[in-house]
Amino acid sequence: MQGPAIPWRPGRTDRDVSYCTPDGRLPDASKDQNHLRAIFGRMGFNDQEIVALSGAHALGRCHTDRSGFSGPWTFSPTVLTNDYFKLLFNEKWQWKKWNGPKQFEDVSTKTLMMLPTDLAIVKDKSFRATAEKYAKDNDLFFNDFQKVIVKLFELGVPFTTDESARMTFKVYEE
Ligand code: HEM
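Predicted model, so just to flag it, every value in this text is computed and none were measured.

Draft legend 1. Seen up close, the packing of helix α3 (residues 83-90) against helix α4 (residues 116-123). Where α3 contacts α4, the two axes come as close as 10 Å, and the packing angle between them is 70 degrees. Classified by the interaxial angle, the pair formed by α3 and α4 is roughly perpendicular. Here Tyr84, Leu88 and Phe89 of α3 come into contact with α4, specifically with Asp118, Leu119, Ile121 and Val122.

Okay, structure coming up:
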């Protein structure tokens, strides 16, 4: 996807179902910045990290038969770029008039979308400051995204010293 290389190491093991997180812990796209801080803060992510993670919405799209929301965030949903941040600032966003959950559409083409939580990133002063940096600097976004996605992937993984040693070798071998 032309994004930064994401180092990955094995370590998450199968566990009994009783170890699964309870339902209802995913972020709710209809909510605001306080909700984002509550959900991601509980996992140890700060404001800058929440914004960097949200940049993943450069990829993919919403599906009416899954979340109920509809459409892609960017014009190149199979390529990781900082376009999500650029579009947040450079496009005008209006409520989409439709028979579905409340979401935004871009005024110029009406083909792109933003969730209420995406717009919360430009409304909140602290989130906005980071988002502005990412909109101006793709390398900074890639660098921060790489770090934070590894942190997300590895949350709660019971690594052993052996596994991390193996992976360090693999990553720096290239
Ligand atoms: C900030 C809070 C977040 C909210 C409220 C949120 C919400 C959503 C929703 C509603 C969808 C559409 C699902 C569908 O209809 O198929 C979606 C898709 C997606 N999200 Fe998020 N998300 C959040 C954070 C993240 C994070 C942290 C990542 C990864 C780092 C991520 C990556 C993606 C991707 C790649 C898709 C597209 C999936 C596809 O194309 O099928 N999102 N998100």
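Draft legend 2. Region of the structure containing the sheet that holds strand β5 (residues 113-114). Across the sheet, which stays open at both edges, the three strands sit in the order β3-β4-β5 with antiparallel pairing between neighbours. In this open sheet, the two edge strands, each paired with only one partner strand, are β3 (93-95) and β5. In terms of strand pairing, strand β4 (residues 104-106) meets β5 through two bridges, oriented antiparallel. Residue phenylalanine 104 lies in a different strand from β5, and its bridge partner there is methionine 114.

Draft legend 3. Examining the environment of leucine 59 more closely. With respect to the helices, strands and loops of the structure, leucine 59 is situated in the loop between α2 (47-54) and β1 (61-62). Excluding residues that lie within four positions of it along the chain, leucine 59 makes contacts with Met1, Trp73, Pro77, Thr78, Val79 and Leu80.

Draft legend 4. Region of interest: the layout of surface pockets. Volume-wise, the largest pocket comes out at about 1200 Å³. As for the largest pocket, its lining consists of 34 residues, of which Arg25, Leu26, Pro27, Met43 and Leu152 are closest to the centre. At the level of secondary structure, the elements contributing two or more residues to the lining of the largest pocket comprise α1 (33-42), α2, α4 and α6 (138-153). Looking at the lining of the largest pocket, the element that brings in the most residues is α1, giving four residues. Looking at side-chain class alone, the lining of the largest pocket contains 22 nonpolar, six polar and six charged residues.

Draft legend 5. Representation of the site of the ligand within the structure. Around the ligand lies a shell of 20 residues, among which His57, Gly60, Arg61, His63 and Ser67 are the nearest. Separating an oxygen atom of the ligand from a side-chain N or O atom of histidine 63 is a distance of 2.6 Å. Here an oxygen atom of the ligand and a side-chain polar atom of serine 67 are 2.5 Å apart. Within the residue set of the shell around the ligand, elements represented by two or more residues are α1, α2 and β1.

Draft legend 6. How the structure looks around the packing of aromatic side chains. Applying the stated criterion to the full structure yields eight aromatic pairs. Ring geometry for tyrosine 134 and phenylalanine 141: centres 5.6 Å apart, planes at 55 degrees, overall tilted. Assigned by exposure class, tyrosine 134 and phenylalanine 141 land together as buried. With a centroid separation of 6.1 Å and an interplanar angle of 55 degrees, the aromatic rings of phenylalanine 141 and phenylalanine 142 are classed as tilted. Neither residue differs from the other here; phenylalanine 141 and phenylalanine 142 are each classed as buried. Every member of this aromatic cluster is reached through a ring pair, and the members are Tyr84, Phe85, Tyr134, Phe141, Phe142 and Phe145. Arginine 15 extends its terminal NZ or CZ atom over the ring of tyrosine 19, reaching a point 3.8 Å from the ring centre.

Conventions and cut-offs
- Residues numbered from 1 in each chain as written.
- Predicted model: local features only at pLDDT ≥ 70, side-chain atom pairs only at ≥ 80, totals over all residues.
- Heavy atoms only, no water.
- Axes fitted to C-alpha atoms, helices over the stretch in contact; angles between N-to-C directions.
- Helix = DSSP H or I, 4+ residues; strand = E, 2+ residues; numbered from the N terminus.
- Parallel < 35°, antiparallel > 145°, perpendicular 65-115°, else oblique.
- Contact = heavy atoms within 4.5 Å.
- Pairing = 2+ DSSP bridges.
- 1 Å grid on protein atoms, 1.4 Å probe; cavity = no way out; pocket = protein on both sides within 12 Å on 5 of 7 lines; lining within 4 Å.
- Points joined across faces, edges and corners; volume = space filled by probe spheres on them.
- Nonpolar A, V, L, I, M, F, W, Y, C, P; charged D, E, K, R; others polar.
- Near = heavy atom within 4 Å.
- Polar contact = N/O pair within 3.5 Å; in protein donor to acceptor, adjacent residues only side chain to side chain.
- Phe/Tyr/Trp six-rings, centres within 6.5 Å; stacked < 30°, edge-to-face > 60°.
- Buried < 20%, exposed > 50% of the residue type's maximum accessible area, 1.4 Å probe, protein only.
- Lys NZ or Arg CZ within 6 Å of the ring centre and 35° of its normal.

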